[in-house]
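What the coordinates show
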Amino acid sequence: MIRSTILGLGSYVPDRIVTNEEIPFLDDQHVRQTEQQTQTNDEWIRARSGIEARRYVPNDGEWPTSRLGQIAAERALADAGVDAKEVDCIIFATLSPDIHFPGTACFLQTRLGISGENGCACYDIRQQCSGFLYGLQMADAFIRTGMYRRILLVGAEVHSHSLDYTTRGRDVMVLFGDGAGAVVLGPEENDDPTSGVVYTSVGADGSGAMDLYLKVFEIAKAPFVQYDWKNRDENSIMYPQMNGKRVFLHAVRSMVVATKKALATTGLTWEDIDWFVPHQANLRINEAVAQYAEIPAEKALNSIMFYGNTTAATVPLTIDHWRQAGKVKKGDLILSAVFGAGYTFGAGIFRV
Ligand code: UT7
């Protein structure tokens, strides 16, 4: 039977490391000032979120999300031994697209040199921190039906340009970083139910939509953008808004439920699974999930300390980080659980 399998993996983070010591001094151009701009500090950020640093793209107008996605994608293609010209479908998960439309997958296609009259299918998906697992489910379904043979699934974000670098925005601003991760998927003739992509299940609860959002515009209104550049400090549509406590509670509950359901449905146990890779929003969330879902501590992988929350990129970025560190090995079985704005959530079990 045809099953889908991950052929290669890659990730990318920008060079600039912004530490918790530096972030209170950044202005809205990310330039370090001598005077503190935001009332926050390393102790608070570390204790509440586990984050120690995050990465930022240069602020030179040359780093749209598709460029981070391109580097991660090229690394994943090289890892898979697949030529970009073989890609017949791109699925791009992001909440920070290059522009409003067209979708970022189209820009990535051109960056990869594979656009043209016979260019491949390009999907953008909008499931925020759950985007990678939503995309994995789509890719798995496409491959199993024989629709596509070489799918490039990318999660990438540029967050640093849409954060509020003042005390008013500090609850959200300190959490997010820029980064990208990608995988290449293809078909494999295999009857082993624990090979390749073993399981995916995703869902959403739209009643939580306004607990974490970034408006930028409201199409129900005319003019649909109400942005006074002279009064940017007062303009909340430019920045993400979050009810942190509610999101925290739902994240823990949803990821515990999704993890338990994944094990119950597949009949697998932690004996079978090599690594637990949760979405990276807050180390305290992940520690609580590990506790309530009874996940062996040594099997949980986190990378939020180094990169903050990179939304759609966190799962492939975390796997690739620990692969480069020598922990994750080819063929390891991963259980991943995610939760994000929407609310959206899910879990997946797959070999890398
Ligand atoms: O990826 C999508 C999913 N996102 C998440 O899952 C995020 C979920 N939420 C969280 O991770 C946490 O709620 C936060 C890290 C955002 C906040 O942690 P918290 O323990 O819930 O803190 P809080 O919001 O209750 O704030 C406690 C205090 C407040 O001050 P008062 O009212 O007690 O005087 C905040 O104003 O901490 C203050 N505060 C800060 N202080 C220093 C909020 N942000 C900061 C900050 N630095 N950056």
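Because the structure is a prediction, the values reported are computed rather than measured.

**Digging into helix α6 (residues 244-266)**
A turn of α-helix holds 3.6 residues, and therefore any two residues three or four places apart point the same way. When the terminal C-alpha atoms of α6 are compared, their 33 Å separation across 23 residues agrees well with the 33 Å that a helix rising 1.5 Å per residue should span. One or two residues past the end of α6 sits G267, with phi positive at roughly 75 degrees.

**Let's talk about the sheet that holds strand β7 (residues 179-189)**
Two strands in a sheet stick together by hydrogen bonds in their backbones, pointing the same way (parallel) or opposite ways (antiparallel). Taken in spatial order, the 5 strands of this open sheet run β1-β7-β6-β4-β5, and their pairing is mixed. Both edges of this open sheet fall to β1 (2-12) and β5 (121-125), since each of them pairs with a single strand only. Direction aside, the axes of adjacent strands within the sheet are offset by 20 degrees on average. Relative to strand β6 (residues 151-157), strand β4 (residues 89-93) is paired through 5 bridges, and the arrangement is parallel. The residue of β6 that forms the bridge with I90 is L152. Helix α2 (residues 65-80) rests against β1, β4, β6 and β7 of the sheet, and its axis sits at about 125 degrees to β1.

**Quick notes on the layout of surface pockets**
What the largest pocket holds in volume is close to 1,200 Å³. Contributing to the lining of the largest pocket are 35 residues, with L95, S96, P97, L214 and V216 lying nearest its centre. Among the residues forming the lining of the largest pocket, the class breakdown is 20 nonpolar, 10 polar and 5 charged. If you count residues domain by domain, the lining of the largest pocket takes at least three from each of domain 1 (2-189) and domain 2 (197-212 + 240-351). Of the pockets and cavities examined, the second largest pocket occupies roughly 500 Å³. M242, G244, K245, F248 and N282 are, among the 24 residues lining the second largest pocket, the residues nearest its centre. For the lining of the second largest pocket, the leading source of residues is α6, giving 6 residues.

**Comments concerning the side chain of T40**
With respect to the helices, strands and loops of the structure, T40 is situated in the loop between β2 (16-19) and α1 (42-49). The class of T40 is buried, set by a relative accessible area of 8%. Ignoring anything within four residues of it in the chain, the contact list for T40 reads I23, P24, I45 and V174.

**A look at the domain arrangement of the protein**
Its domain assignment divides the protein into domain 1 (2-189) and domain 2 (197-212 + 240-351). Summarising the inter-unit geometry, the C-alpha centres of domain 1 and domain 2 are found 17 Å apart. At the junction of the two partners, domain 1 supplies 50 residues and domain 2 supplies 44 residues. When the buried area of domain 1 at its contact with domain 2 is split by residue, L9, C129 and L133 rank highest and sum to 18% of it. Remark: the boundary between domain 1 and domain 2 carries 1 salt bridge. R323 serves as the salt-bridge partner of D79, at 2.9 Å between the closest nitrogen and oxygen. Counting across the domain 1 and domain 2 interface gives 23 residue pairs in polar contact (both at pLDDT 80 or more). Looking at the side of domain 1 that touches domain 2, the elements that each hand over two or more residues are β1, α1, β3 (53-56), α4 (131-144), β6, α5 (170-173) and β7.

**What to know about the environment of H250**
Here H250 lies in helix α6. The spacing of H250 and V315 is 65 residues in sequence and 19 Å in space, taken between C-alpha atoms. Discounting chain neighbours no more than four positions away, the residues touching H250 are F339 and Y343.

Rules used throughout
Going along each chain's sequence as written, the residues are numbered from 1 onward. Given that this is a predicted model, residues contribute local features only at a pLDDT of at least 70 and side-chain atom pairs are listed and counted only at 80 or more, while totals for whole chains, interfaces and linings are drawn from all residues. Water and hydrogen atoms play no part in the side-chain values, which are based on all heavy atoms of the structure. Helix and strand labels come from DSSP, where a helix needs a run of H or I of at least four residues and a strand needs a run of E of at least two; each type is numbered from the N terminus. What a helix is expected to span follows from its residue count: subtract one and scale by 1.5 Å. Note: two strands are recorded as paired if DSSP finds a minimum of 2 bridges between them. Under this scheme, a helix contributes an axis fitted over its contacting stretch, all axes are lines through C-alpha atoms, and angles between N-to-C directions fall in the 0 to 180 degree range. Pairs of residues are marked as contacts when any of their non-hydrogen atoms sit within 4.5 Å. Within this scheme a cavity is a closed region of a 1 Å grid, computed over the protein atoms alone, that accommodates a 1.4 Å probe without allowing it to escape, whereas a pocket is open but has protein on both sides within 12 Å along at least five of seven lines; lining residues each have an atom within 4 Å of a point. Grid points are joined across faces, edges and corners, and a volume is the space filled by probe spheres set on the points. Side-chain classes follow a simple rule in which Ala, Val, Leu, Ile, Met, Phe, Trp, Tyr, Cys and Pro form the nonpolar group, Asp, Glu, Lys and Arg form the charged group, and the remainder, Gly included, forms the polar group. Each domain's extent is set by a domain assignment, obtained either automatically or from a database. Throughout this description, buried means an accessible area under 20% of the type-specific maximum (1.4 Å probe, protein chains only), exposed means over 50%, and partly exposed covers the range between. When two components associate, each loses some accessible surface as probed by a 1.4 Å sphere; the sum of these losses over both components is called the buried area. Salt bridges, as used here, are contacts in which a Lys or Arg side-chain nitrogen is within 4 Å of a carboxyl oxygen on Asp or Glu. Nitrogen and oxygen atoms within 3.5 Å of one another constitute a polar contact, given that in protein one can donate a hydrogen and the other can accept it, and given that sequence-neighbouring residues count only through two side-chain atoms.

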